[in-house]
Amino acid sequence: MVSGALQLRIHISIGALTMFLLKAWRLSAFGVYGYLNFTKSAFIEHSKKFKPEDMQRDIEGKNCIVTGANSGIGYTTAEGLASRGATVYMVCRNKERGEAALSEIKSKTGNQNVHLEICDLSSINDIKSFSTNFISKSVPVHVLVNNAGLLEKSRITTSEGFELNFAVNVLGTYAMTESMLPLLEKAAPDAKVITVSSGGMYSVPLTNDLQFSEDQFDGAKQYALNKRVQVALTEKWAEMYSKKGIGFYSMHPGWAETPGVIKSLPSFSKSLSGKLRTSEVGADTIIWLALQPKEKLVPGAFYFDRSEAPKHLAFAATKSSHSAIGSIYDHLRSLSGLAQ
């Protein structure tokens, strides 16, 4: 007979093997799916189904906030919205780079209703200060684009005690969105929140381990985990605020060659040289989402190349993990110190 202790060891070994194979499958499936769909050539193919008239809308009189707007996809988004007549508020951490980007966008678009707001999205105190000042303007916010993101490979703790990737990608996104709710409600029923996620989230399930407690820190994995939280948060917001006239959507820009990607993932950028998308292509779906009538969009959905996209890959066993978002939401509210 097999002893109880041996049975337990066998059970643990089978469980560990199953988890190893599942992780390997997720990474492999993500790599193949990404290579087939997220590159520049895939966008060209997908764009054959696009409707040019979708992007030929004037949004003069609409107020848009874009975080991380001084470079890459954020800059291109801000420029694209400004070129269509919107009043754009560029939220940037660095004043000098923000002012340079602001000047360029005004010059390129001829739109003088573009403004710079300085805020470090890794700091809850900074976000609270920004939101207090911005809310005092009493400006209805028609579109909030949560674009600011970070992939820091090393474990860094902010002055407020949070792991840096988490602080920017998750807690910062949460706090910015929740803080802007009063102004988004002012723009209802036309208000939208668009959160820029990443296809990297396909490789991981949602987890309560928000600040990566493992001894061996993995910045790329933490980034993917953060991006999974953003997609699940979007679902949660869409459910919670369905009657407030605010649309919540997440999206994936594809594999784009932005300054952030080049800095954080140099080997990835090098290996896919010539195959990565431009910032303009990366921003395309963000701008498309901002311009579309809400009746054409699905609340809480994840979009890619102007179409609703799956949130989970086949056999990746990530779908059930989204049930944890309720407790994660409560935890973020507690960490941020924001009132319900």
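Cut-offs used in this document
Residues numbered from 1 in each chain as written. Predicted model: local features only at pLDDT ≥ 70, side-chain atom pairs only at ≥ 80, totals over all residues. Heavy atoms only, no water. Helix = DSSP H or I, 4+ residues; strand = E, 2+ residues; numbered from the N terminus. Buried < 20%, exposed > 50% of the residue type's maximum accessible area, 1.4 Å probe, protein only. Areas by Shrake-Rupley, 256 points an atom, 1.4 Å probe, with all protein chains shown as cover. Phe/Tyr/Trp six-rings, centres within 6.5 Å; stacked < 30°, edge-to-face > 60°. Salt bridge = Lys/Arg side-chain N within 4 Å of Asp/Glu carboxyl O. Polar contact = N/O pair within 3.5 Å; in protein donor to acceptor, adjacent residues only side chain to side chain. Contact = heavy atoms within 4.5 Å. 1 Å grid on protein atoms, 1.4 Å probe; cavity = no way out; pocket = protein on both sides within 12 Å on 5 of 7 lines; lining within 4 Å. Points joined across faces, edges and corners; volume = space filled by probe spheres on them. Pairing = 2+ DSSP bridges. Axes fitted to C-alpha atoms, helices over the stretch in contact; angles between N-to-C directions.

The protein appears in an unreviewed UniProt entry as Dehydrogenase/reductase SDR family member 12 from Citrullus colocynthis.

Visitor: I keep staring at the overall build of the protein and nothing clicks. Help me out?
Guide: Helices and strands together make up the secondary structure of the protein, namely twelve helices and eight strands. Along the three orthogonal principal directions, the C-alpha set of the protein runs to about 80 × 45 × 40 Å. Scored against the burial criterion, the 340 residues of the protein give a buried share of 53%. Surface summary for the protein: the accessible area is close to 15600 Å², and the carbon and sulfur share equals 54%.

Visitor: Help me understand the packing of aromatic side chains in this model?
Guide: Describing an aromatic ring pair means giving the distance of the ring centres and the angle of the ring planes. Applying the stated criterion across every chain yields a total of 19 aromatic pairs. On the numbers, 5.5 Å between centres and 80° between planes, the contact of Phe38 with Trp255 is edge-to-face. Of this pair, Phe38 sits in the loop between helix H1 (4–37) and helix H2 (40–46) while Trp255 sits in the loop between strand E6 (246–252) and helix H9 (259–264), placing them 217 residues apart in sequence. When its relative accessible area of 1% is taken as the criterion, Phe38 is described as buried. Among the residues examined, Trp255 registers a relative accessible area of 12% and is labelled buried. Between Trp288 and Tyr303, the ring centres sit 5.8 Å apart and the planes meet at 50°, which makes this aromatic pair tilted.

Visitor: So what exactly am I meant to see when it comes to the pattern of salt bridges here?
Guide: In this structure the tally under the stated criterion is twelve salt bridges. Notably, a salt bridge pairs Arg306 with Asp284, separated by 2.8 Å at the nearest N-O pair. One end of the pair, Arg306, is in the loop between strand E7 (302–304) and strand E8 (307–309); the other, Asp284, is in helix H11 (residues 279–291), with 22 residues separating them in the sequence. Arg306 sits in the buried class, given a relative accessible area of 14%.

Visitor: Could you clarify how one ought to interpret the side chain of Ser122 in this entry?
Guide: Looking at where Ser122 falls in the secondary structure, it is placed in the loop between strand E3 (114–118) and helix H5 (124–135). One polar contact links Ser122 to Asp120, side chain to side chain, over a distance of 2.8 Å. Once residues lying within four places of it in the same chain are set aside, the contact partners of Ser122 are Thr158, Glu160, Leu164, Ala167 and Val168.

Visitor: Which parts of the structure should I look at to understand the layout of surface pockets?
Guide: Here the idea is plain: a probe the size of a water molecule rolls over the atoms and shows the empty space left. Considered as a void within the structure, the second largest pocket measures approximately 330 Å³ in volume. In this structure, the second largest pocket is lined by 17 residues; those nearest its centre are His46, Phe50, Phe304, Asp305 and Ser307. Elements that contribute at least two residues to the lining of the second largest pocket include exactly H1, H2 and E8. The biggest single contributor to the lining of the second largest pocket is E8, with three residues.

Visitor: Is there a simple way to think about the sheet that holds strand E4 (residues 143–146) in this case?
Guide: Strand pairing in a sheet relies on backbone hydrogen bonds, with the paired strands running either antiparallel or parallel. Pairing is mixed in the open sheet, where eight strands are placed in the order E3-E2-E1-E4-E5-E6-E7-E8. A single partner strand is all that each edge strand has here, and the edge strands are E3 and E8. Sheet twist, expressed as the average angle between the axes of neighbouring strands with direction ignored, equals 25°. As judged from the six bridges shared by strand E5 (residues 191–196) and E6, these two strands associate in the parallel manner. By the bridge assignment for E6, Lys192 is matched with Gly247. This element, helix H3 (residues 72–82), spans strand E1 (63–67), strand E2 (87–92), E3 and E4 of the sheet and lies at about 170° to E1.

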